[in-house]
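Tertiary structure, described
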2 protein chains.
Amino acid sequence: MTSKHESPFQVLKGVFHEPNRLAILSELSAASNGMTFQELKDECGLTDGNLSRHLKALEDTKVVRIRKTFIKNRPQTTIFLTDRGRDKFMEYLQALEEVLARAAESVQAEPRKYAFSFAARPARS
Amino acid sequence: MTSKHESPFQVLKGVFHEPNRLAILSELSAASNGMTFQELKDECGLTDGNLSRHLKALEDTKVVRIRKTFIKNRPQTTIFLTDRGRDKFMEYLQALEEVLARAAESVQAEPRKYAFSFAARPARS
């Protein structure tokens, strides 16, 4: 559930709603050991500049953590979803599902087989 | 299903994804006889200027039709979802559901009781 005082449409106004960010978050959510910059770039079909810009915004809001290391003298950037990021993303997904449910009702879409439960749960280790 | 050549994230880059527009479309989808400007403004919690701007964009892309009439010498604006608008919104909702399903898989959300079928269907009269 979203906050009592907020419509689900309001929740969509946060940091996750931009389509490329949704793709980034969706990838990172599945990667408990993080992803390299290159992996994330390839999976999301983004340019260096575009991915960098999104990651900067996501790091500023503490949604991702960025680790820079050297592997055989070559720099490597690894990106991790933070616990806070996971929780916030869950909230966003809940709101999105609520918006989808409302729209489905409006367009009289027929119920299908399943939906998702985005209740907060412990971060995977 | 979204186009074979397009990722669902790409489909989200269209005219519907902005949260206020989603609210507008959700309202209009349920209103087969259209809604007045005032009704739409109230339901979506928007200002005159903000709603006007969104409607202009949606009219330009032929998603809505705007009718201006006089009721007892007072101007009244009524907004309708077009058939094209309904079809396009359905496509958007399908993509959104696909994105949600991917995210659910990524965050290991548990299946719940239902989902929606946004298959194209005849516009309601």
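Residues numbered from 1 in each chain as written. Chains lettered and ligands numbered in written order. Predicted model: local features only at pLDDT ≥ 70, side-chain atom pairs only at ≥ 80, totals over all residues. Heavy atoms only, no water.

Looking only at helices and strands, one finds 5 helices and 5 strands in chain A. When its helices and strands are written in sequence order, chain A yields α-α-β-α-α-β-β-α-β-β. Residues classed as buried in chain A amount to 47% of the 125 residues present. Surface exposure of chain A reaches about 6,900 Å², of which carbon and sulfur atoms provide 48%. (Helix = DSSP H or I, 4+ residues; strand = E, 2+ residues; numbered from the N terminus. Buried < 20%, exposed > 50% of the residue type's maximum accessible area, 1.4 Å probe, protein only. Areas by Shrake-Rupley, 256 points an atom, 1.4 Å probe, with all protein chains shown as cover.)

This model, assessed by the stated rule, comprises 6 aromatic pairs over all chains. Between Phe89(A) and Tyr92(A) the ring centres are 6.3 Å apart and the planes differ by 5°, which places this aromatic pair in the stacked class. Placement of the pair is Phe89(A) and Tyr92(A) together in helix 5 (residues 83–106), with a separation of 3 residues, close to one helical turn. Overall, the relative accessible area of 1% leaves Tyr92(A) in the buried class. One aromatic cluster is present, formed by Phe16(A), Phe89(A) and Tyr92(A) through successive ring pairs. Over the face of the ring belonging to Phe80(B) we find Arg65(B), whose NZ or CZ atom lies 4.4 Å from the ring centre. (Phe/Tyr/Trp six-rings, centres within 6.5 Å; stacked < 30°, edge-to-face > 60°. Lys NZ or Arg CZ within 6 Å of the ring centre and 35° of its normal.)

Residue and element names in this part refer to chain B. Compared with an ideal rise of 1.5 Å per residue, which puts 13 residues at 18 Å, helix 4 (residues 48–60) spans 18 Å between its outermost C-alpha atoms and is within 8% of the ideal. Within the sequence span of helix 4, burial applies to Leu51, His54, Leu55 and Leu58. Viewed along the axis of helix 4, the buried residues span an arc of 100°, placing them on a single side of the element. Those residues of helix 4 that are buried lie in contact with helix 2 (19–29), helix 3 (37–44), strand 2 (64–71) and strand 3 (74–81). (Expected span 1.5 Å × (residues − 1). Arc of directions from axis to C-beta. Contact = heavy atoms within 4.5 Å.)

Let's shift gears to the nonpolar core. If you look at the biggest cluster of nonpolar residues, it comprises 64 residues, and the most contacted ones within it are Ile24(A), Leu40(A), Phe89(A), Ile24(B), Leu40(B) and Phe89(B). If sequence neighbours within four positions are ignored, Phe89(A) has contacts with Phe16(A), Leu22(A), Leu25(A), Ser26(A), Ser29(A), Ala103(B) and Val107(B). (Core = buried A, V, L, I, M, F, W, Y, C linked by side-chain atoms within 4.5 Å.)

Note that strand 2 (residues 64–71) of chain A and strand 3 (residues 74–81) of chain A share 8 bridges and pair antiparallel. Residue pairing across strands places Thr69(A) opposite Gln76(A), the latter belonging to strand 3 of chain A. (Pairing = 2+ DSSP bridges.)

Once that is clear, we can look at helix 2 (residues 19–29) of chain A. Counted residue by residue, helix 2 of chain A has 10 buried out of 11 residues, so it is predominantly covered. Listed as buried for helix 2 of chain A are Pro19(A), Asn20(A), Arg21(A), Leu22(A), Ala23(A), Ile24(A), Leu25(A), Ser26(A), Leu28(A) and Ser29(A).

Right, let's get into the side chain of Thr36(A). Its place among the elements puts Thr36(A) in strand 1 (residues 35–36). With a relative accessible area of 17%, Thr36(A) lands in the buried category.

Looking now at the sheet that holds strand 2 of chain A. The antiparallel open sheet is built from 3 strands, whose spatial order is 1-3-2 (chain A). The outermost strands of the open sheet, each flanked by one partner alone, are strand 1 and strand 2 of chain A.

A separate point is the pattern of salt bridges. Residue and element names in this part refer to chain A. A complete count under the given rule lists 6 salt bridges over all chains for this structure. Lysine 88 serves as the salt-bridge partner of glutamate 91, at 4.0 Å between the closest nitrogen and oxygen. With glutamate 91 and lysine 88 both in helix 5 and 3 residues apart, this pair spans about one turn of that helix. Judged by its relative accessible area of 33%, lysine 88 falls in the partly exposed class. (Salt bridge = Lys/Arg side-chain N within 4 Å of Asp/Glu carboxyl O.)

Turning next to the confidence of the model for chain A. Chain-level statistics for chain A give a pLDDT mean of 87 and a share of 82% at 70 or above. Scored by ipTM, the complex comes to 0.81, with pTM at 0.83. (pLDDT = per-residue confidence, 0-100.)

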